[in-house]
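Report on the structure
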Amino acid sequence: MPQKVLIIGAGLAGICLAHRLLEAGAHVTMMDAGQNHSSAVAAGMVNPMVFRRMNKSWRLAEFLKEGSDFYQQIEKRTGGQFYHPLVIRRFFSSQQEKDLWDEKSNDQSYEPYLEKIIQEDTLNQSAHNLFGSGRVKAAFWVHAANWLKENWRYFTDQEILIKEVFKAQKWEAESKHYDGIQYDAVAFCMGYLQKNEATFGYLPLQQTKGQILTIESSQISQKESLNRKCFVLPVGENLFRVGATYEWNNSSLHTTQEAKQTLIENLNALGSFDYQIREQIAGVRPTVLDRRPLMGEHPKLQGVFIFNGLGTKGYMMAPTLARELAAHILDSKGLHPETCISRFNDLLLN
Ligand SMILES: Cc1cc2nc3c(=O)[nH]c(=O)nc-3n(C[C@H](O)[C@H](O)[C@H](O)COP(=O)(O)OP(=O)(O)OC[C@H]3O[C@@H](n4cnc5c(N)ncnc54)[C@H](O)[C@@H]3O)c2cc1C
């Protein structure tokens, strides 16, 4: 008998988990309130590097290949289009940053991700060039709004996803009943709104608001994503997404003049471009202070799971983490220790 799993929340986390559970033969039902303010708002960029320290992302080699394969596979499965390879051009802020890039690009373990600086990068004028630039390889971006729309259509057509608000009165955690139906497992994937739900309320989930501008310009390179202080992501037809702000402990969904001003200043510091602002949007990232996801089974409720805390690198991590969580749910396979919510058990027991 296939296991019956209920997933609450169909954003990036819930959708990836649903695909992985279905691939493993489970019977899946998904429920979502129909108001996504993170996965659909995101720029969807997958950057192998963390520029702040010029380091590779955590578990990069595992996440990057599997993520890239996964999104292309889901394009085929759903008939949608959302995966785009990307070159990121980082303009250095200092000589020190350039030296660090030189050093890392000569390190064999960075070879798949960092191009060695060539004369064209040193002279490149697609933005203010203060200390030269370098190109990141193997990046990609997922058109987040399309990703969500196509997956929603796919799962709704198959009667897997229903549009419904999760109600605590219908939920019996001990017996894993929701609205009178019993499930073998229930997975909470409610993003930043998980904080308002009691079952996993003890976890230190944070709400980190972000805002993005969409601009139109015929003067900005459409071939590469420019980066310094902000990112400029070409999304086609002379449109670019410029982001993003980080507003800690803030779950409001209003766009603000202050964030707009910050993004304009960052963009103007990057280069002198003529552009028109077409849109400003806001969303909330589910983040954790230790920058690791929140995954695993509730310490007191058997068969009740969470998949959350995907933070700023959600689109890179979710495909692999969802596969690992599906194997944990269905076959009790162990989770990567840094991802497992058991690291916060003290918070529940105290
Ligand atoms: C401005 C911005 C830019 C970003 N840029 C990037 C980027 O470039 N690259 C990257 O990797 N990540 C980026 N992110 C982060 C990324 O979006 C998140 O990591 C990811 O979307 C989180 O997915 P999630 O499924 O956990 O949460 P969500 O997308 O919030 O999904 C949760 C779902 O649960 C549903 N839900 C909540 N409560 C209920 C309820 N009571 N009943 C029923 N359903 C409910 C919601 O409707 C929602 O659809 C960005 C985020 C923001 C805000």
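Attention here is on the structure that accompanies the text. Predicted model, so just to flag it, every value in this text is computed and none were measured.

1. Focus: the site of the ligand
- Neighbouring the ligand are 34 residues, the closest being Asp-32, Ser-39, Phe-166, Gly-311 and Tyr-315.
- Here an oxygen atom of the ligand and a side-chain polar atom of Ser-39 are 2.4 Å apart.
- Note that an oxygen atom of the ligand is positioned 2.8 Å from one of the backbone N or O atoms of Tyr-315.
- Against a free-state accessible area of 1000 Å², the protein chains account for coverage of 96% of the ligand.
- When residues of the shell around the ligand are traced back to their parent elements, those giving at least two are α1 (12-23), β13 (206-216), β17 (276-287) and α7 (314-331).
- Of the residues forming the shell around the ligand, the biggest block, four residues, is contributed by β17.
- Broken down by class, the residue content of the shell around the ligand amounts to 17 nonpolar, 13 polar and four charged.
- If you count residues domain by domain, the shell around the ligand takes at least three from each of domain 1 (4-42 + 145-204 + 290-349) and domain 3 (206-287).

2. Comments concerning the pattern of salt bridges
- Applying the stated criterion across every chain, the model contains 21 salt bridges.
- In this structure, the salt-bridge partner of Glu-97 is Arg-90, at a minimum N-O distance of 2.7 Å. Per residue, the accessibility class of Glu-97 equals that of Arg-90, and both read buried.
- Note that Arg-153 is salt-bridged to Asp-157, the shortest N-O span being 3.9 Å. Taken together, the residues Arg-153 and Asp-157, both in helix α5 (residues 144-157) and four residues apart, mark about one turn of the helix.
- Residue classification places Arg-153 among the partly exposed residues on the basis of a relative accessible area of 36%.
- Members of the salt-bridge network, linked through shared partners, are Arg-20, Glu-23, Glu-66, Arg-77 and Arg-323.

3. What to know about unusual backbone geometry
- At the junction of Gly-243 and Ala-244, the peptide bond is cis and its omega measures out at -20° in the coordinates.
- As for its placement among the helices and strands, Ala-244 is situated in the loop between β16 (239-243) and α6 (257-270).
- Even without a glycine there, the phi angle at Lys-229 is positive, about 70°.
- With respect to the helices and strands, the residue Lys-229 is situated in the loop between β14 (225-228) and β15 (230-236).
- Even without glycine at this site, Glu-237 takes up a positive phi of about 55°.
- Relative accessible area serves as the criterion here: at 71%, Glu-237 is assigned to the exposed category.

About the thresholds
Residues numbered from 1 in each chain as written. Predicted model: local features only at pLDDT ≥ 70, side-chain atom pairs only at ≥ 80, totals over all residues. Heavy atoms only, no water. Near = heavy atom within 4 Å. Polar contact = N/O pair within 3.5 Å; in protein donor to acceptor, adjacent residues only side chain to side chain. Areas by Shrake-Rupley, 256 points an atom, 1.4 Å probe, with all protein chains shown as cover. Helix = DSSP H or I, 4+ residues; strand = E, 2+ residues; numbered from the N terminus. Nonpolar A, V, L, I, M, F, W, Y, C, P; charged D, E, K, R; others polar. Domains from an automatic or database assignment. Salt bridge = Lys/Arg side-chain N within 4 Å of Asp/Glu carboxyl O. Buried < 20%, exposed > 50% of the residue type's maximum accessible area, 1.4 Å probe, protein only.

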